[in-house]
Amino acid sequence: MVQFICVLLGYCIGCIQSAYFLGRFAGHVDLREHGSGNLGTTNALRVLGKKAGAVTFVCDILKSVIGFLVCSMLFPKIELAGLYGCVGVILGHDFPFYLKFKGGKGIACMIGLVLCLSTVTWYLPAFAFGIGIVCIGATRYVSLGSMAFAVMIPIVLYKANFPLEGVVVTACLSVLALYQHRANITRLLSGNENKLGAKRERVS
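Now for a description of the structure that goes with this document. The model shown is predicted, which means the values in this text are computed figures rather than measured ones.

1. Remarks on the overall build of the protein
Part 1 of the reasoning: Helix and strand counts for the protein come out as 10 helices and 0 strands.
Part 2 of the reasoning: Going from N to C terminus, the protein has its helices and strands arranged as α-α-α-α-α-α-α-α-α-α.
Part 3 of the reasoning: For a compact globule of 204 residues, the expected C-alpha radius of gyration is about 17 Å, and the protein comes in at 16 Å, within 12% of that figure.
Part 4 of the reasoning: Each principal axis of the C-alpha atoms in the protein carries an extent, and together these give about 50 × 35 × 25 Å.

2. What to know about the nonpolar core
Part 1 of the reasoning: The biggest cluster of nonpolar side chains holds 37 residues, and the ones touching the most others in it are M110, L117, L124, F149, I153, L157 and F162.
Part 2 of the reasoning: Elements supplying a minimum of two residues to this core: α1 (2-14), α4 (50-74), α5 (81-94), α6 (107-117), α7 (124-139), α8 (142-159) and α9 (164-180).
Part 3 of the reasoning: Top contributing element to this core by residue count: α6, with 9 residues.
Part 4 of the reasoning: Once residues within four sequence positions are removed from consideration, L157 is found in contact with L117, T121, L124, F162, V167 and T170.

3. Thoughts on the packing of aromatic side chains
Part 1 of the reasoning: Following the criterion strictly, the structure yields 6 aromatic pairs and no others.
Part 2 of the reasoning: Measuring from centroid to centroid gives 6.0 Å for F21 and F25, while their planes differ by 5°, and the two rings are stacked. Here F21 and its partner F25 are both found in helix α2 (residues 18-26), 4 residues apart, which amounts to about one turn of the helix.
Part 3 of the reasoning: Take F21: its relative accessible area is 30%, and that puts it in the partly exposed class.
Part 4 of the reasoning: For the ring pair Y123 and F127, a centre distance of 6.0 Å and an interplane angle of 75° mean the geometry is edge-to-face.
Part 5 of the reasoning: Among the aromatic residues, those joined into a cluster by ring pairs are Y20, F21, F25, F97 and Y98.
Part 6 of the reasoning: For the cation-ring pair, R182 lies above Y179, with the distance from its terminal atom to the ring centre recorded as 4.0 Å.

4. A short note on the environment of N38
Part 1 of the reasoning: Residue placement: N38 occurs in the loop between α2 and α3 (41-48).
Part 2 of the reasoning: For the pair N38 and L124, spaced 86 residues apart in the sequence, the C-alpha separation amounts to 27 Å.
Part 3 of the reasoning: Residue contacts for N38: discarding those within four places in its chain leaves L31, N43, G103, G104 and K105.
Part 4 of the reasoning: A distance of 3.1 Å separates a polar side-chain atom of N38 from the backbone nitrogen of G40.
Part 5 of the reasoning: Reaching out from N38, the side chain makes a polar contact with the backbone oxygen of G103 at a distance of 3.4 Å.

5. Looking at a nonpolar patch on the surface
Part 1 of the reasoning: Where nonpolar side chains cluster on the molecular surface, the patch consists of M1, F4, I5, L8, L9 and L74 and spans about 610 Å² of accessible area.
Part 2 of the reasoning: Take the nonpolar patch: its biggest share by element is 4 residues, from α1.
Part 3 of the reasoning: On the secondary structure map, M1 appears in the segment before α1.
Part 4 of the reasoning: We classify M1 as exposed; its relative accessible area is 72%.

6. What to know about the side chain of K63
Part 1 of the reasoning: Residue position: K63 is located in helix α4.
Part 2 of the reasoning: For K63, a relative accessible area of 6% corresponds to the buried category.
Part 3 of the reasoning: Excluding its chain neighbours within four sequence positions, the residues that come into contact with K63 are I13, G14, I16, Q17, V89, H93 and C109.

7. A word on the pattern of salt bridges
Part 1 of the reasoning: A complete count under the given rule lists 4 salt bridges for this structure.
Part 2 of the reasoning: Here R32 makes a salt bridge to D30, at a shortest N to O gap of 2.8 Å.
Part 3 of the reasoning: On the basis of relative accessibility, which here comes to 4%, the residue D30 falls in the buried class.
Part 4 of the reasoning: The partner of K63 in a salt bridge is D60, with the nearest N and O atoms 3.5 Å apart. On the criterion of helical spacing, the pair formed by K63 and D60 is a turn pair, its members being 3 residues apart in helix α4. Neither residue differs from the other here; K63 and D60 are each classed as buried.
Part 5 of the reasoning: A single network of salt bridges, built from pairs that share partners, joins R24, D30 and R32.

What counts, and where the lines are drawn
- Counting restarts for each chain, with residues numbered from 1 along the sequence as it is written.
- The predicted origin of the model limits local features to residues at a pLDDT of at least 70 and limits the giving and counting of side-chain atom pairs to 80 or more, whereas totals for whole chains, interfaces and linings rest on all residues.
- Just so you know, side-chain values use all the structure's heavy atoms and leave hydrogens and water out.
- In this text, helices come from DSSP runs of H or I with a minimum length of four residues, and strands from runs of E with a minimum of two, each type numbered from the N-terminal end.
- With the radius of gyration taken over C-alpha atoms, the globule rule is written as 2.2 Å times the number of residues to the power 0.38.
- We call a set of buried residues a nonpolar core when its members are Ala, Val, Leu, Ile, Met, Phe, Trp, Tyr or Cys and they connect through side-chain atoms within 4.5 Å of each other.
- Only protein chains enter the area calculation, which uses a 1.4 Å probe; residues under 20% of their type maximum are buried, those over 50% are exposed, and those in between are partly exposed.
- In what follows, a contact means two residues having at least one pair of non-hydrogen atoms within 4.5 Å.
- Stacked, edge-to-face and tilted labels apply to pairs of Phe, Tyr and Trp rings (six-membered ring for Trp) whose centres lie within 6.5 Å, assigned for plane angles under 30 degrees, over 60, and everything in between, in that order.
- Lysine and arginine charges are scored as sitting over a ring when NZ or CZ, respectively, is within 6 Å of the ring centre and within 35 degrees of the ring normal.
- In protein, a polar contact means a hydrogen-donor-capable atom and an acceptor-capable atom, both N or O and within 3.5 Å, with residues adjacent in sequence counting only if both atoms are side-chain atoms; elsewhere, any N or O pair within 3.5 Å suffices.
- What makes a patch is a set of residues exposed beyond 30% relative accessible area and free of salt bridges, joined within 9 Å when like-charged and within 5 Å when nonpolar (Val, Leu, Ile, Met, Phe, Trp, Tyr).
- Areas reported here follow the Shrake-Rupley algorithm with a probe of radius 1.4 Å; residue values treat only the protein chains shown as occluding.
- Each salt bridge in this description consists of a side-chain nitrogen of Lys or Arg and a carboxyl oxygen of Asp or Glu lying within 4 Å of one another.

Here is the structure:
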């Protein structure tokens, strides 16, 4: 029951779609109709510009941090309460009910999760971020670096003797991240994936 409550609370927080609201109120643009159609940092960057991309990135990270802290404080005796809060945030971010369940891919929210878990496993950020950054730097494919980052999380937690339940949960989040990147995987295999620094889409 506690896990369900934490996921539900997190979901409500995750449904606050910063990219969508930035597009609507700042640029009068529905990001679902431009670029990749994704409500995340990369699409906000390509369609709305660097400032909007940065704001989206920070807000999506903060959603996970808030979800983690709220659930941890509500259920201090439950070791993985914060983790389940982050699970809910990622689900809400990826599948917001009021936007026909079409949201982002959850990577920035997973970054927030990694930052929160760094208090338990201090070297998790170093390995996860390191692999992601190396992949992006070597290939200029943000999607490839994002997927590598997501996959590293349960691996590092397992090596760090994190509770098995938590490892399984983060592994499920990694699988979800790969699923959300399925179109990117197809484009990567066909050589049509956009690289970092690609020309910004013009919107009216």
